[in-house]
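Read off the chains here:
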Amino acid sequence: MKRGLTLQAALAAYRPDAELAPVPELNDPDTLLNSYHPDHLRGSMTKLTIGPNAGADCQRELADLLQAEAFIDEADLAGAQVTDTDVLVVGGGGAGCAAALAAAERGARVLLVTKLRLGDSNTVMAEGGIQAAIEPGDTAQQHMQDTLRAGHHAGDPALVAAMVGDGPEVIRWLIHQGMQFDQTASGDLHTRKAGGMTAPRIVHCRDYTGLEMMRVLRESVKQHRGIEVWDQSPVVELLSNERGQKCVGAVLGSLTDGSMRIVRTRSVILATGGLGRLHLNGFPTSNHIGATGDGLVLAYRMGARLCELDSFQYHPTGLVHPPHLYGKLVTEGVRAAGAFLLNAHGQRFIDELQPRDIVSAAIIRECREGRGIHTDTGGVGVWLDTPRLERSQPGLLEQQFPKLLTRTRHVGIDPRREPVLVHPTLHYQNGGVVIDVDGATAVPGLYAAGEVAGGIHGRNRIMGNALLDIIGFGRRAGIAAAAAEHDRGPKKITLEHVNRARRDLTLAGLPLTQRAPRILPAYTAAGKDIWKP
Amino acid sequence: MTETSRNIPAVELLINGIPVRAEPQMTIVEAAWAGGVPRITGVGCLEGVCGSCRILVRRGKEVNVALGCETFVEPGMEALFLPAPAADRHQYQLTDLSDGWDIQARFHEIFPEASRCRHCHGCVKSCPKGITVEDGVALAAAGHFREAGEAFLECVMCELCDSACPEQIAPAHVGLFSRRITAFFHLRPPNLIHKLEEIRKEQADKKEQP
C-alpha cells in the first residue's frame, strides 16, 4: 500500500467549503470489484471438500470451521438434563425474537436460547432503517428488481418476492409490537432513498432503528407468556434422529456454569446471525461479539445446503478513528442524506450511492494507491464529509443522526466540525443456509431465518433489506415451525450426523484438531492478545 | 498494537479485583481481555448500544456505574463487571391494553412504584447516556407518554438506573412502555395505511376472480 497523508495533515488541509470537482465517471464496475473488493483477494478462497457443498468455492477461514470436528460425542449426552418444547429458537436477535413471537402467537410452546443476553445481536446496532415499498409510485416489483439487481442477480426470486411482499405488513406488525418510526409533518412515515434504490423506501427511527426494534422485541418476548428464554446458552451441537437425517433438538452449553443441557423438539429455528467476528481476510467488523458463524457450522454438519459462501459485505463506512470504535458503522443514511466521500486530496472518487460493494472497492482503491489518510494506530481510510452536509443542511445531523454524534461525544469528536475517517468493514454475510419461503432448510425439522439464511440478497445486500429480511423470514419460519406436523416428538435423539461428518473428514484426510462452532472469538478469552488492526 | 505504542507506559488498574496493566486508550472491556481477566460474557456490541457491559467504577473515593465498552482505563481505577439485571417485576402485554382511555390507570397498575419518586437523582447520575431519567418518569406518571418516551430515545436498556433507584421504579422499562404505547395507540401513518389498503383490495379482487 502506498502511503497517503497522516490524519493530522489531512485534517489541517480539510476545508468544508472547498470547491469540489465532479465525481469521475465509473466506466467499468466489474474491473473495480475484481481488483479491489476483498472477496477477490488472492488466497481468500478455497474449495470445500466435504458436506453438501463439496466442490463449491468458500472463504478460507469459514471453510476451516465448516470442515471441523464437533465439540461433543455421545458420551457427553449421558446424564444431561432434558427439556421438551414445541419450537426451539436459537438466537436472541431480531430474527429469533420475530420467530419466537410468531410461533407463540399460534399457540406453540417456545423456548428461545441465546448465546449471550437476549437482544445482544447485530440487530441492536442497525442504524439506517428498514425497507418497505409504501410510498405512492413505489411498488413491491420495483423493490424486488432493486434487490435482485444490487445482488448481481444471484438471489432467489421466490425468496425476494416473499420478502418485498411482506414489507408493508412487517412495518404494521412492528408498530403493533410498539415500535416507533420517524414521521413527516403530515404523519406519513418518513422515507429515504439509499444506494441501489429506485425510490425512497427506507423507514427508520432516527439512526437508532435497530436499537428501537430490538428493545421493543426483547420486551415483547420477555413479557410473552408462551415464550421461555435461556440466556448465556450457546448451542454446541444439533441433535438428529437415528439416521442423522432429521433435526430433533439441540445440545446447549452454559456460559455461566459450563453444564450441558439437551432440548428435544419437533422444530429448530436457527437465527444465529452472521460471522463478522471471524474477521475474514483480517478485516475489522461492525458486528457484535457473538457473530461467529455458529449457525452455518451447525446446519452444514447436519446436512443443510449453504449458498454464496464466497460473498461477504464490507460496508463502505466503518469508523477508523477513534480506535476503540474501529470497524463500527456509520449508517449509509448519512450518504443518503447527501454526505460525500473524499480522499486525502479532498477529491470525490465515486458516486456515494452506488451499491455497497462498489463504493467499498473504490475506497480500498484510493487507500491502496496512496490517496488514503493514515492514523498512528495503523488504520487507513477516507473522509466522510459530514461538516459539508451540516453546512448545507444545518441541524440535520443532530435531528436525524443522534447516534453518530453521541458515540464519539465522550472522546471529543464532533462530526459536525470534523469529517469522519472511514474504511470498509466486514458487515454482513450475503449468503447462508438455503431456505424456502417458509424458512425451511433441506433438513426436516430445521429452519433458518435472518442473516444465517441465504439466497435473498444474492452477492450484495442493499441498505434496509436486512431488517426486513429478519422480521419477514423470522415470522415466516415461526409460523411454519408452529404448524409443523406434530409427530409426538422425536423417539430417539442421536449424534449420528456428527459421526457422519467425522467419517467424511477422515476419508478426506482432513485434520480432526480444529473444533467448531467457535462460540466466542479467541481474543475474548483470558490472556489472549486482543484483536487490533 | 504497533511497536511504538507498546513503549508508552502502561496504565495499572484493577478489574474484577485482578491487577491489569493496560495500554492507554483501551476501554475497560479491551483491558479485561488483554489483561487476563477470566472470561466475561456480559459483553455485546462494543459500541454502547446493547447495554450489556455494565460496570461499577471507583476512582479514588468516587463510585459510579458505566458501560465497559466506552469507559477508558485510568491509573488506579477499579472496575467491576456487574451481573445482568434481575428478572422484570412488571408484567404486561400490549394486546391486553385494548382501550387507550384507561391507559393511565393501567400504567400505575403495571408500574405502581412510578409515582413514588423521591427525586434523589440516582437514576440520572447512573445513566451512561445522559438521559433525563427522573423527568421522563415524572412525565409518564402524569400520563404524558409521548414526551416521556422521547426522553428515553437513546436508552440502551442497561437498567443501571433501575439498580440506582431506592423505590425500584425500573425507569428504563417505564420509558420503553411509554414509547411502545405511543406507537401502539397513535402511530397511524397515512402512506403505510394507504399501501396496506391497496394490497388488501388487490388480494380481495384476486379471490373474486380466480
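Since the model is a prediction, treat every value here as computed from it, not as a measurement.

(A) Expanded view of the overall build of chain B. In terms of helices and strands, chain B carries nine helices and five strands. Helices and strands in chain B line up, N terminus first, as α-β-β-α-β-β-β-α-α-α-α-α-α-α. In terms of overall size, chain B is more extended than a compact globule, its C-alpha atoms giving a radius of gyration of 23 Å where 210 residues would be expected to give roughly 17 Å. Sequence-distant contacts, at least 24 apart, represent 54% of the contacts inside chain B between residues at least 6 apart.

(B) The arrangement of the overall build of chain A in detail. What chain A contains, in helices and strands, is 16 helices and 23 strands. Over its C-alpha atoms chain A spans a radius of gyration of 23 Å, differing by no more than 12% from the 24 Å that the globule rule assigns to 533 residues. With respect to the three principal axes, the spread of C-alpha positions in chain A is 75 × 55 × 40 Å. Out of the 533 residues belonging to chain A, those deemed buried represent 60%.

(C) Focus on the sheet that holds strand β12 (residues 247–253) of chain A. All names here are of chain A. Here we have four strands laid out as an open sheet, ordered β4-β13-β12-β11, and mixed in their pairing. The sheet is open, and its two edges are formed by β4 (81–84) and β11 (235–240), each paired on a single side. Averaged over all pairs of adjacent strands, the angle between strand axes in this sheet comes to 25°, irrespective of strand direction. By the bridge criterion, five bridges tie β12 to strand β13 (residues 260–264) in an arrangement that is antiparallel. Pairing of glycine 253 across the sheet is with methionine 260, part of β13.

(D) Examining the interface of chain B and chain A more closely. At the interface, 48 residues of chain B touch 53 residues of chain A. Those elements that provide at least two residues to the side of chain B that touches chain A are α2 (28–34), α8 (171–186) and α9 (190–208) of chain B. Sorting elements by how many residues they give to the side of chain B that touches chain A places α8(B) first, with seven residues. Along the lines of polarity and charge, the residues of the side of chain B that touches chain A split into 26 nonpolar, 13 polar and nine charged.

(E) Structural detail: the nonpolar core. Residues and elements named next belong to chain A. Counting residues in hydrophobic clusters, the biggest one holds 224 residues, and the most contacted among them are Ala99, Ala100, Ile269, Leu270, Val433, Tyr447 and Ala449. Among the elements that make up this core, the one with the highest residue count is helix α15 (residues 465–483) (10 residues). If we skip the residues at most four places from it in the chain, alanine 99 touches Val89, Ile269, Ala271, Ala449, Gly474, Arg475, Ala477 and Gly478.

(F) Quick peek at the environment of A:Ala13. With respect to the secondary-structure elements, A:Ala13 resides in helix α1 (residues 7–13). Assessed through the 13 C-beta atoms surrounding it within 10 Å, A:Ala13 is described here as partly exposed.

(G) Region of the structure containing the packing of helix α7 (residues 157–177) of chain A against α15(A). Residue and element names in this part refer to chain A. Here α7 crosses α15 at 85°, and the two axes come no closer than 9 Å. With respect to α15, the axis of α7 lies roughly perpendicular. For the pair α7 and α15, contact is made by Met163, Asp166, Gly167, Val170 and Leu174 and by Leu468, Asp469, Ile471, Gly472 and Phe473, respectively. Grouping the constituent residues of the contact of α7 with α15 by class yields six nonpolar, two polar and two charged.

(H) Looking closely at unusual backbone geometry. Here the residue pair A:His321 and A:Pro322 is connected by a cis peptide bond, since its omega of 5° sits within 30 degrees of zero. Structurally, the position occupied by A:Pro322 is in the loop between β16 (312–319) and α10 (333–336). With an omega dihedral of 5°, the bond running from A:Ala516 to A:Pro517 counts as a cis peptide bond. We note that A:Glu308 has phi near 50°; this positive angle belongs to a residue other than glycine. Here A:Glu308 lies in the loop between β15 (306–307) and β16. Non-glycine residue B:Gln168 carries a positive phi angle of around 55°. For B:Gln168, the position within the fold is in the loop between α7 (160–164) and α8. A residue is classified by how many C-beta atoms lie within 10 Å of it, and B:Gln168, with 12 of them, is exposed.

(I) Molecular detail of the pairing of strand β6 (residues 110–113) of chain A. Residues and elements named next belong to chain A. Neither face of β6 is exposed, since Val110 and Leu112 on one face and Leu111 and Val113 on the opposite face are all buried. When strand β5 (residues 87–90) meets β6, the two strands line up parallel, connected through four bridges. From the neighbouring strand, leucine 88 faces β6, where its bridge partner is leucine 111. For the crossover that starts at β5, traverses helix α5 (residues 94–105) and ends in the parallel β6, the hand is right-handed. Taken together, the four bridges between β6 and strand β10 (residues 227–230) define a ladder with parallel strand orientation. Paired with valine 110 across the two strands is isoleucine 227, which belongs to β10.

(J) Fine view of the domain arrangement of chain B. Residues and elements named next belong to chain B. In terms of domains, chain B is made up of domain 1 (3–81) and domain 2 (94–186). The interface of domain 1 with domain 2 comprises nine residues on the first partner and seven residues on the second. Sorting elements by how many residues they give to the side of domain 1 that touches domain 2 places strand β4 (residues 62–67) first, with four residues. Broken down by class, the residue content of the side of domain 1 that touches domain 2 amounts to five nonpolar, three polar and one charged.

(K) The arrangement of the sheet that holds strand β1 (residues 11–15) of chain B in detail. Residue and element names in this part refer to chain B. With mixed pairing, five strands are arranged side by side in an open sheet as β2-β1-β5-β3-β4. In the strand order of this sheet, the two ends are held by β2 (18–22) and β4, each with one partner. Taken pair by pair, the neighbouring strands of this sheet meet at an average axis angle of 30°, ignoring direction. As paired elements, strand β3 (residues 54–59) and strand β5 (residues 78–81) share four bridges and run antiparallel to each other. Opposite isoleucine 55, over in β5, you have phenylalanine 81 as the bridge partner.

(L) Structural detail: the domain arrangement of chain A. Residue and element names in this part refer to chain A. When the domains of chain A are assigned, the result is domain 1 (5–36 + 313–426) and domain 2 (74–311 + 430–496). Distance between the C-alpha centres of domain 1 and domain 2: 31 Å. With 25 residues of domain 1 at the contact, the number on the domain 2 side is 26 residues. Residues of the side of domain 1 that touches domain 2, tallied by class, amount to 11 nonpolar, nine polar and five charged.

What counts as what
Residues numbered from 1 in each chain as written. Chains lettered and ligands numbered in written order. Predicted model: local features only at pLDDT ≥ 70, side-chain atom pairs only at ≥ 80, totals over all residues. Helix = DSSP H or I, 4+ residues; strand = E, 2+ residues; numbered from the N terminus. Rg over C-alpha atoms; globule rule 2.2 N^0.38 Å. Contact = placed C-beta atoms within 7 Å. Buried ≥ 20, exposed ≤ 12 C-beta atoms within 10 Å, placed from the backbone. Pairing = 2+ DSSP bridges. Axes fitted to C-alpha atoms, helices over the stretch in contact; angles between N-to-C directions. Nonpolar A, V, L, I, M, F, W, Y, C, P; charged D, E, K, R; others polar. Core = buried A, V, L, I, M, F, W, Y, C linked by C-beta atoms within 7 Å. Parallel < 35°, antiparallel > 145°, perpendicular 65-115°, else oblique. Right-handed = clockwise from strand over helix to strand, strands pointing away. Domains from an automatic or database assignment.

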